[in-house]
Amino acid sequence: METHFLAKKKRRTKKNNSQGVATIIFLLALLVIGGGMGVRYVMNQVIADRQVQTSQPANTETPEQRQQHRFINSVAQPAVNVYQANHQVLPSIVIAQAIVESNWGHSQLYQEANNPFGIKGSYNGHTRSFPTNEYINGKEERINANFRVYPNLKAAILDHDQVVAQQFLPPHVTNYRTAAKLLQQNGYATDPTYAKKLINVINTYTLNRFDGY
């Protein structure tokens, strides 16, 4: 009888052990599955957050940068239209000259005479004296000179292109680097770094994109 009792006890112990192992395996399975689901949830949340951030363009431009973009666009549109009509001066050169000569449209000459290119002389009888910096014998000096006064920006670009085509650039120059160097060589400006400044501005703001319309 004692032997039978021990056998039954051993069977109960073995059964209990089996149940315990099964319980542990079940709990581990839940932990693994739950952990996996948790990891997937966290990953999905991270991906969703990144997608939201990507879909919302960051507006990090400063007021100065916004003003510069507005000025570029204001000159680019008429410059492209004029070039399509006469093919005289590349739009990238026109825009770069306007930027350099008028200091992004802030110059008194541009504000009061619609002259962003620093072209001297008279336009249809309209002229006005403005202070300007000129290099004389290699030294920069401040002088007064008579500049053309235009009714609007488009008139200034039309006149600028005609003057440049007649006096400073040969026809059919379609490379902005060549055009910039010729402008300096042929005396458009007295600044010895004029060509370098134009090329740098064109490269910095990818103004040559306007040359392909």
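Details of the structure are given in the entry above.
Computed from a predicted structure; not experimentally measured.

Chemist: Looking at this structure, I do not really get the packing of helix H2 (residues 63-86) against helix H5 (residues 153-167). What am I missing?
Modeler: Relative placement of two packed helices is described by the angle separating their axes and the distance separating the axes. Close contact between H2 and H5 brings their axes to 10 Å; oriented N to C, the two are set at 45 degrees. In terms of axis orientation, H2 runs oblique to H5. When you trace H2 past H5, the crossing you get is right-handed. Contact residues: Ser74, Val75, Pro78, Ala79, Val82 and Asn86 in H2; Leu153, Ile157, Leu158 and Asp161 in H5. Residues that form the contact of H2 with H5 fall into these classes: seven nonpolar, two polar and one charged.

Chemist: Can you walk me through H5 in this structure?
Modeler: Residue pairs spaced three or four apart in an α-helix point in one direction, given the helix's 3.6 residues per turn. In a regular helix each residue adds 1.5 Å, so 15 residues correspond to 21 Å; H5 covers 21 Å between its end C-alpha atoms and thus fits that length. Burial in H5 covers these residues: Leu153, Ala155, Ala156, Ile157, Asp159, His160, Asp161, Val163 and Val164. Packed against the buried residues of H5 are H2, helix H3 (91-102), helix H4 (108-113), strand E2 (139-148) and helix H6 (176-185). Its side-chain oxygen at 3.3 Å from the backbone nitrogen of Lys154, Asn152 defines the N-terminal cap of H5.

Basis of the calculations
- Residues numbered from 1 in each chain as written.
- Predicted model: local features only at pLDDT ≥ 70, side-chain atom pairs only at ≥ 80, totals over all residues.
- Heavy atoms only, no water.
- Axes fitted to C-alpha atoms, helices over the stretch in contact; angles between N-to-C directions.
- Helix = DSSP H or I, 4+ residues; strand = E, 2+ residues; numbered from the N terminus.
- Parallel < 35°, antiparallel > 145°, perpendicular 65-115°, else oblique.
- Left-handed = near helix turned anticlockwise from the far one by under 90°.
- Contact = heavy atoms within 4.5 Å.
- Nonpolar A, V, L, I, M, F, W, Y, C, P; charged D, E, K, R; others polar.
- Expected span 1.5 Å × (residues − 1).
- Buried < 20%, exposed > 50% of the residue type's maximum accessible area, 1.4 Å probe, protein only.
- Polar contact = N/O pair within 3.5 Å; in protein donor to acceptor, adjacent residues only side chain to side chain.

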